[in-house]
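# Tertiary structure, described
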Amino acid sequence: MFEIFIAVAMLGGLALAFGLVLAAASKVFYVETDPRLDALNECLPGANCGGCGYPGCGAYAEAVLNGEAPIGKCASGGNECAQAMSAIMGVKAEAVARKVALVKCSGQKTYDETGLQVGGAKVKGIYEGFKDCLAASRVGGKGPLSCQYGCLGYGSCTKVCKYDAIHVVDGVAKVDVEKCVGCGACASACPRSLITFVEYGTDVIIACNSNAKGAVTARSCTVGCIGCGLCKKICPQEAITVEKGLAKIDYSKCVSCGLCATVCPKHLIADAKIRNDKDPVPAPNKV
Amino acid sequence: MGAQILGILVAALLSQNFILVKFYGICPFMGVSKKIDTALGMGVAVTFVMALASAACWLVYNLLLIPLNLVYMQTVAFILVIASIVQVVEMFLKKAVPALYKALGVFLPLITTNCAVLGVVLVNVSEGYNFLISVFNGVAGGLGFTLAIVLFASVRERVDKAEPPECFKGFPIALITAGLLALAFMGFSGLSIF
């Protein structure tokens, strides 16, 4: 009977001793944290997407607190988050425009009823390696497409997207702008650097990334920019330039009139309003 | 002495590996082995705690349990010691080495429930090691843990890239991988230097 008391006393004593050590340690090793840090963490979405350039929401909050990072870098939290954070830090934040990802490729493959390819990026061969864009872009031949710039469609961007906002449709990645928060994870994952960012609601976009000469692009894709410059000529705002065989829109000048989309012979300037009126499918060329 | 140290090292790393041969500490082994970096972080943290736990438990066992004839209480007492040590280590690192504390992150408190640590101190006791050899066994056990988890993580990184059948995706194929790795380590089973 007596042994039980010894055992209880020993274990209780040991626990008490360790408890006192822990209590002392928590006093000795106490680290003061700024109450604003917790408040900042509360504002951030907590998705740890890394779009701000810091390892996670916690690291960004700390950087803001230390004055190392500006407020408003959180693409996911958007304007609301920036305003809340500036209220905590006691500074005024500028309104943050919401940005969404845009895949600069429109080479969606289309086939006729016999299975023959009639539109989109031309397939030059069969790729049998890892189903991964980086792997495909590293092997000799640079994957299955004739186009050296186009979307490989193995979905490396889909794998890294934490918001389920980018999917491969007909062999080309497509962004769901309602879900996209503009964190930039997909842009870093794309080995062909195809993904750029535009303001939410931008309706005139040039969805091609080909810097090849016009004739080469025309051979490898039915919807590739050949640098013909028709869009540049018709643009009343002089917002379009053509460099290295690729048209580019300067959004500070663009007024979304949509004239460029009407003249593009390859129908690759996407404009929702105009596309609905005219034929939605690019004119099929023989590939 | 030299032969004993070498024997302990070979046993802890290969022939009696805590994870792949004795099957201790499977939870962190499966849980934090998706990337080599984090696996290495976990391995370092476990090695550190195993060495400290070996020292503290040796003291508790020899100065408290044996004189009081309470050897049958060893498991409970050791769990208490390990849990307390992990807590103190966590607080100490947070104050003294914030960089390391951040790198280890959530792995530190996870070690509290790692039975490989308890396994090491129980082996120390049953083999009757002295203080220094106990601490060395703790370090060697931690290195064995690190070896196993880093090997497993590097295999898993590759398996993730491959395309197993739908029903094997994720954890099932990881468990099969772990089983094959354990089979490979069975090849060391006859190895002993004493």
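Residues numbered from 1 in each chain as written. Chains lettered and ligands numbered in written order. Predicted model: local features only at pLDDT ≥ 70, side-chain atom pairs only at ≥ 80, totals over all residues. Heavy atoms only, no water.

### A word on the confidence of the model for chain B
Residue and element names in this part refer to chain B.
- Residues with a pLDDT of 70 or more make up 97% of chain B, whose mean pLDDT is 88.
- Confidence, read as mean pLDDT per element, is least for helix H5 (residues 98–104) in chain B (74) and greatest for helix H8 (residues 131–161) (93).
- In the predicted complex, the global pTM is 0.55; the interface-specific ipTM is 0.76. (pLDDT = per-residue confidence, 0-100. Helix = DSSP H or I, 4+ residues; strand = E, 2+ residues; numbered from the N terminus.)

### Here's the deal with unusual backbone geometry
All names here are of chain A.
- Unlike most non-glycine residues, Ser193 shows phi in positive territory, near 50°.
- Along the chain, the position of Ser193 falls in the loop between helix H7 (185–189) and strand S6 (195–199).
- Looking at Ser193, the relative accessible area reads 53%, which means it is exposed. (Buried < 20%, exposed > 50% of the residue type's maximum accessible area, 1.4 Å probe, protein only.)

### Thoughts on a nonpolar patch on the surface
Residue and element names in this part refer to chain A.
- A cluster of nonpolar side chains, namely Met1, Phe2, Ile4, Phe5 and Val8, defines an oily patch on the protein surface of about 610 Å² accessible area.
- By secondary structure assignment, the location of Met1 is in the segment before helix H1 (2–28).
- Looking at Met1, the relative accessible area reads 69%, which means it is exposed. (Patch = residues over 30% accessible without salt bridge, like charges linked within 9 Å, V, L, I, M, F, W, Y side chains within 5 Å. Areas by Shrake-Rupley, 256 points an atom, 1.4 Å probe, with all protein chains shown as cover. Salt bridge = Lys/Arg side-chain N within 4 Å of Asp/Glu carboxyl O.)

### Concerning the pairing of strand S5 (residues 172–175) of chain A
Residues and elements named next belong to chain A.
- Bridge count between strand S4 (residues 166–169) and S5: 4 bridges; the pairing is antiparallel. Considered in S5, the bridge of His167 is made with Lys174.
- From the end of S4 to the start of S5, which pair antiparallel, there are 2 residues, and Asp170 there has a positive phi angle of about 50°. (Pairing = 2+ DSSP bridges.)

### Describing the pattern of salt bridges
Residues and elements named next belong to chain A.
- Inspection of the entire model under this criterion finds 3 salt bridges over all chains.
- Between Asp132 and Lys159 there is a salt bridge; the shortest N-O distance is 3.5 Å. One end of the pair, Asp132, is in the loop between strand S3 (117–119) and helix H5 (133–138); the other, Lys159, is in helix H6 (residues 156–160), and 27 residues separate them in sequence.
- Since its relative accessible area comes to 12%, Asp132 is described here as buried.
- Given a relative accessible area of 54%, Lys159 falls into the exposed group.
- With a shortest N-O distance of 3.4 Å, Asp164 and Lys179 are connected by a salt bridge. On the criterion of sequence distance, the pair formed by Asp164 in the loop between H6 and S4 and Lys179 in the loop between S5 and H7 is long-range, its members being 15 residues apart.
- Owing to a relative accessible area of 38%, Lys179 belongs among the partly exposed residues under this scheme.

### Describing the packing of aromatic side chains
- Evaluated as defined, the whole model comprises 7 aromatic pairs over all chains.
- Where Phe29(A) meets Phe92(B), the ring centres are 5.5 Å apart and the plane angle is 75°; that geometry is what we call edge-to-face. With Phe29(A) in the loop between H1 and helix H2 (35–43) and Phe92(B) in helix H4 (residues 74–96), the pair connects residues from two separate chains.
- Exposure remark for Phe29(A): the relative accessible area of 21% places this residue in the partly exposed category.
- Measuring from ring centre to ring centre gives 5.3 Å for Trp58(B) and Phe131(B), while their planes differ by 75°; the resulting arrangement is edge-to-face. (Phe/Tyr/Trp six-rings, centres within 6.5 Å; stacked < 30°, edge-to-face > 60°.)

### Considering the packing of H8(B) against helix H9 (residues 171–186) of chain B
Residue and element names in this part refer to chain B.
- Contact geometry of H8 with H9 gives a least axis separation of 10 Å together with a crossing angle of 135°. Taken together, the axis directions place H8 and H9 in an arrangement best described as oblique. When the axes of H8 and H9 are compared, the crossing they make is right-handed. Of H9, the residues touching H8 (which contributes Leu147, Ala148, Leu151, Phe152, Val155, Arg156 and Val159) are Phe171, Ile173, Ala174, Thr177, Ala178, Leu181 and Phe185.
- Here the residues of the contact of H8 with H9 are counted per class, giving 12 nonpolar, 1 polar and 1 charged. (Axes fitted to C-alpha atoms, helices over the stretch in contact; angles between N-to-C directions. Parallel < 35°, antiparallel > 145°, perpendicular 65-115°, else oblique. Left-handed = near helix turned anticlockwise from the far one by under 90°. Contact = heavy atoms within 4.5 Å. Nonpolar A, V, L, I, M, F, W, Y, C, P; charged D, E, K, R; others polar.)

### Let's talk about the state of the cysteines
All names here are of chain A.
- Across all of its chains, the model carries 0 disulfides over all chains by this definition.
- Of all cysteine sulfurs, the one in Cys151 lies closest to Cys105, which takes part in no disulfide; the gap is 5.6 Å.
- Take Cys180: it sits in no disulfide, and the sulfur closest to it among the cysteines is that of Cys186, at 6.2 Å. (Disulfide = S-S within 2.5 Å.)

### Things to note about the environment of Phe168(B)
All names here are of chain B.
- Among the structural elements, Phe168 can be located in the loop between H8 and H9.
- When its relative accessible area of 34% is taken as the criterion, Phe168 is described as partly exposed.
- Apart from residues lying up to four places away in sequence, Phe168 is in contact with Ile173 and Ile176.

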